[in-house]
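Survey of secondary and tertiary structure
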Amino acid sequence: MAEDFLDYDRLVEDAMRSVVRHALTEVAEKGLPGNHHFYITFLTRHPAAAVPPRLASQYPETMTIVLQHQYYGLEVHSTHFEVTLSFNRVQERLHIPWEAVTVFHDPSVDFGLRFSRQGVEPVLPAAEGEAAEGAAEPAAGAEGDEGGGGNVVSLDRFRKK
């Protein structure tokens, strides 16, 4: 078998991350259309992530945020995005590098992407207290689908074993 000098896995994953970046860019510019809302799971210990210490201690590995009704100052950059959310009625600014994102899910259209290049296989939010929604208490899940399988695309299905 030939060696993959082009690293197609990385190229595909970068392309999938650009889908998330473009979706958040549109939301930052125009707001969330219709019933769209996003669950975004990310690695809190990623070296480029900036998570307030109290949240990092509460979520030492991964955290899932929900962008739905109330979030503030969403800024999208080439290497990361930033957003202010409310946790227990305290507003906190998060700096999340694209490489730290492990799951992106929009239950309104049953669309999701799972990134596994980091070797982490998180699940979509389903348990109480896992997700924190913008300007709300840590959510007991969000309205609608609680993260069924849906159309989540995982690169593992295409990887050679």
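Before reading further, recall that the structure is shown in the block above.
Quick look at the structure, then. (Residues numbered from 1 in each chain as written. Predicted model: local features only at pLDDT ≥ 70, side-chain atom pairs only at ≥ 80, totals over all residues. Heavy atoms only, no water.)

As a further point, take the packing of aromatic side chains. Taken as a whole and assessed by the stated rule, the structure comprises two aromatic pairs. Considering the side-chain rings of F38 and F104, the 4.9 Å spacing of their centres and the 45° angle between planes classify their relative orientation as tilted. With F38 in strand β1 (residues 38–43) and F104 in strand β6 (residues 101–106), this residue pair connects regions lying 66 residues apart in the sequence. Judged by relative accessible area, which is 5%, F38 ranks as buried. In this structure F104 comes out as buried when scored by relative accessible area, which is 3%. With a centroid separation of 5.2 Å and 35° between ring planes, the pair formed by F81 and W98 is classed as tilted. Taken together, the positions of F81 in strand β4 (residues 80–87) and W98 in the loop between β5 (90–97) and β6 put the pair 17 residues apart, joining distant regions of the chain. Like F81, the residue W98 is buried in the burial classification. (Phe/Tyr/Trp six-rings, centres within 6.5 Å; stacked < 30°, edge-to-face > 60°. Helix = DSSP H or I, 4+ residues; strand = E, 2+ residues; numbered from the N terminus. Buried < 20%, exposed > 50% of the residue type's maximum accessible area, 1.4 Å probe, protein only.)

Right, let's get into the sheet that holds β5. Reading across from one edge, β3-β4-β5 is the order of the three strands in this open sheet, with antiparallel pairing throughout. Two strands close off the open sheet at either side, each with one partner strand: β3 (72–76) and β5. Neighbour-to-neighbour, the strand axes of the sheet open up by a mean angle of 20°, direction not taken into account. (Pairing = 2+ DSSP bridges. Axes fitted to C-alpha atoms, helices over the stretch in contact; angles between N-to-C directions.)

Working definition: two side chains of opposite charge can pair if their charged atoms are close together. Counted according to the given criterion, the structure contains seven salt bridges. Linking E61 and R45 is a salt bridge whose minimum nitrogen-to-oxygen distance equals 3.4 Å. Of the two residues, E61 sits in the loop between α2 (53–58) and β2 (62–67) while R45 sits in the loop between β1 and α2, which places them 16 residues apart along the sequence. Here E61 falls in the partly exposed class, since its relative accessible area comes to 48%. Between E82 and R93 there is a salt bridge, with the nearest N and O atoms lying 3.5 Å from each other. Placement of the pair is E82 in strand β4 and R93 in strand β5, with a sequence separation of 11 residues. Given the relative accessible area of 18%, E82 is considered buried. Note on R93: relative accessible area 31%, which makes it partly exposed. Residues joined in a network through salt bridges with shared partners are D7, R10 and D14. (Salt bridge = Lys/Arg side-chain N within 4 Å of Asp/Glu carboxyl O.)

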